[in-house]
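Architecture at a glance
Residue strings, one per chain:
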Amino acid sequence: MKIRCLLLLLAGQLLNTYYAAAQENAVSPDHIYYNNIRSVKFHPPGDPLSLPVITRGGGDQLELSFDDMDNDTKNYYFTFVLCNADWSRAQVNTFDYLQGFSENRIQNYRFSSIALQKYTHYTVAVPAANSTPKKAGNYLLMVYLDSDTTQLAFTRRMLVVDNKAGVAGFIQQPVSPKLFRTSQKVNFTVNTAGLNINNPFDQVKVYILQNYRWDNAIHNIKPMFLRGNEIVYNTEVDCIFPAMKEWRWVDLRSFRLQTERVDHSDYRRNGTDIYVKPDPERGNSIYQYIKDINGRYQLATLDNYDPNFEGDYAAVHFTYPSREPYAGYDMYIFGELTSYECNESNKMVYNPSTGAYEGTLFLKQGFYNYIYGLIDKTVPNSKFSTEYTEGNHWEAENNYTILIYFRPLGGRSDELVGMATLNSMLNRSK
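As the structure is a computational prediction, the values presented were derived from the model and not from experiment.

About the thresholds
Residues numbered from 1 in each chain as written. Predicted model: local features only at pLDDT ≥ 70, side-chain atom pairs only at ≥ 80, totals over all residues. Heavy atoms only, no water. Helix = DSSP H or I, 4+ residues; strand = E, 2+ residues; numbered from the N terminus. Rg over C-alpha atoms; globule rule 2.2 N^0.38 Å. Buried < 20%, exposed > 50% of the residue type's maximum accessible area, 1.4 Å probe, protein only. Contact = heavy atoms within 4.5 Å. Lys, Arg positive; Asp, Glu negative; His and termini not counted. Charge placed at Lys NZ, Arg CZ, Asp CG, Glu CD. Phe/Tyr/Trp six-rings, centres within 6.5 Å; stacked < 30°, edge-to-face > 60°. Lys NZ or Arg CZ within 6 Å of the ring centre and 35° of its normal. Patch = residues over 30% accessible without salt bridge, like charges linked within 9 Å, V, L, I, M, F, W, Y side chains within 5 Å. Areas by Shrake-Rupley, 256 points an atom, 1.4 Å probe, with all protein chains shown as cover. Salt bridge = Lys/Arg side-chain N within 4 Å of Asp/Glu carboxyl O. 1 Å grid on protein atoms, 1.4 Å probe; cavity = no way out; pocket = protein on both sides within 12 Å on 5 of 7 lines; lining within 4 Å. Points joined across faces, edges and corners; volume = space filled by probe spheres on them. Nonpolar A, V, L, I, M, F, W, Y, C, P; charged D, E, K, R; others polar. Polar contact = N/O pair within 3.5 Å; in protein donor to acceptor, adjacent residues only side chain to side chain.

Topic: the overall build of the protein chain
Per the secondary structure count, the protein chain includes three helices and 29 strands. A globule of 430 residues ought to have a C-alpha radius of gyration of about 22 Å, and the protein chain, at 23 Å, matches this closely. By principal-axis analysis of the C-alpha atoms, the protein chain measures approximately 70 × 55 × 45 Å. Among the 430 residues that make up the protein chain, the fraction classed as buried is 51%. In the protein chain, once contacts between residues fewer than 6 apart in sequence are set aside, the share between residues at least 24 apart is 74%. One way to put it: in the protein chain the 42 positive side-chain charges average out to a point 3 Å from where the 46 negative ones average out.

Focus: the packing of aromatic side chains
Following the criterion strictly, the structure yields 28 aromatic pairs and no others. Note on Tyr119 and Tyr313: the rings are 5.5 Å apart at their centroids and 75° apart in plane angle, and the pair reads as edge-to-face. Residue Tyr119 is located in the loop between strand S7 (108–111) and strand S8 (120–126), and its partner Tyr313 is located in strand S23 (residues 313–321); the two are separated by 194 residues in the primary sequence. There is no split in this pair, since Tyr119 and Tyr313 are both buried. The side chain of Arg110 reaches across the aromatic face of Phe309, ending 3.7 Å from its centre. For the cation-ring pair, Arg428 lies above Trp394, with the distance from its terminal atom to the ring centre recorded as 4.9 Å.

Section: a nonpolar patch on the surface
A surface patch of nonpolar side chains, amounting to about 330 Å² of accessible area, comprises Tyr289, Met425 and Leu426. Counting through the fold element by element, Met425 comes out in the segment after strand S29 (415–423). Relative accessible area serves as the criterion here: at 34%, Met425 is assigned to the partly exposed category.

Regarding the layout of surface pockets
Taken as a whole, the second largest pocket holds about 400 Å³ of empty space. A per-class count over the lining of the second largest pocket returns seven nonpolar, two polar and eight charged.

Some thoughts on the side chain of Ser322
Mapped onto the secondary structure, Ser322 falls in the loop between S23 and strand S24 (329–334). Residue class for Ser322 comes out buried when judged on its relative accessible area of 11%. Here the side chain of Ser322 touches Glu324 through a polar contact of 2.6 Å, landing on its backbone oxygen. Setting aside residues up to four positions removed in sequence, Ser322 forms contacts with Tyr350, Gly355, Ala356 and Tyr357.

Here is the structure:
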């Protein structure tokens, strides 16, 4: 009887472990699960427009901050989960990739002041001094309540690089006449002298990000040829992105002043409504260079206030005029301000009486980039596209981040061993 009870107990523990692993595998990167969480920023110190990247063993830290609109205090914790290049969970024990504690509590918070909208602002430096990643690769930062990972508040991606491979490249126009005027092609070479590679076709994986976006990342790229310690990626049909145009923008650093892109504001006792000037369709318009921040946003104020705990929130109303709706398509406003996701919160709704798509986002004071795009409702798993709403021009300025992953023989995870960022204007082919 005792043996039977022990076997049942062991089976229960294994089942719980299985369900916990399945739950963590189902977690979405860069997703906010609670509606009270706003303005999540995760970046290198003092550089809110860059990717959250640290060097393995370098002692680097990143800044994580967010607002809780419940305006109270909660016990938020964070941990890291090691992932493969495709962000599936690596089959590696936590003790093998984290040195120190597996979770830490976020203890630094401050209640908002001056702002009409009340909230609690949380900040923390990660990784914590007592919890450091030991392996290079992709890490999923998970923030949750009361030391209970089932109460997940939000997730963010983090990269840990161990620079063993060199990356050099350039941007050029595609050869294809259909893509020559509307797309940009990334060509690059990887130097693997610092790696022990037996089969580069299987052991090396490449991901290319346009403007730090993961939703349209290019991967499953095969080399054109091998040249000694170099792997050359230069085929005519690979690594081609729609060039887009410069991102739209709105300056919300002040709710009192009417900036160039703000049409008007309505002030209520318990909040503020800001109406952005209508955004016309740009699919067939002539390309015009306007300096942007490539889809990111930066919290800031013009009144010498600290945007972290003194910045206010407003309901910001966007409109996209259109003589008729795009039949068979859903429209979304998109960028870092929507976590690069398309869901009901950032879906635009067509209003026949105004002849425009309309949508509202609850945003903190700052400077924001955004675009409009469509998803085909008639095609399963259709991807977000800006071809009709924004258009694509080869001349557009974009950043491309090349990530090189390597899996040693017998390894159980993909290690990030090299990365480089190319600019379509600064790194164009001559």
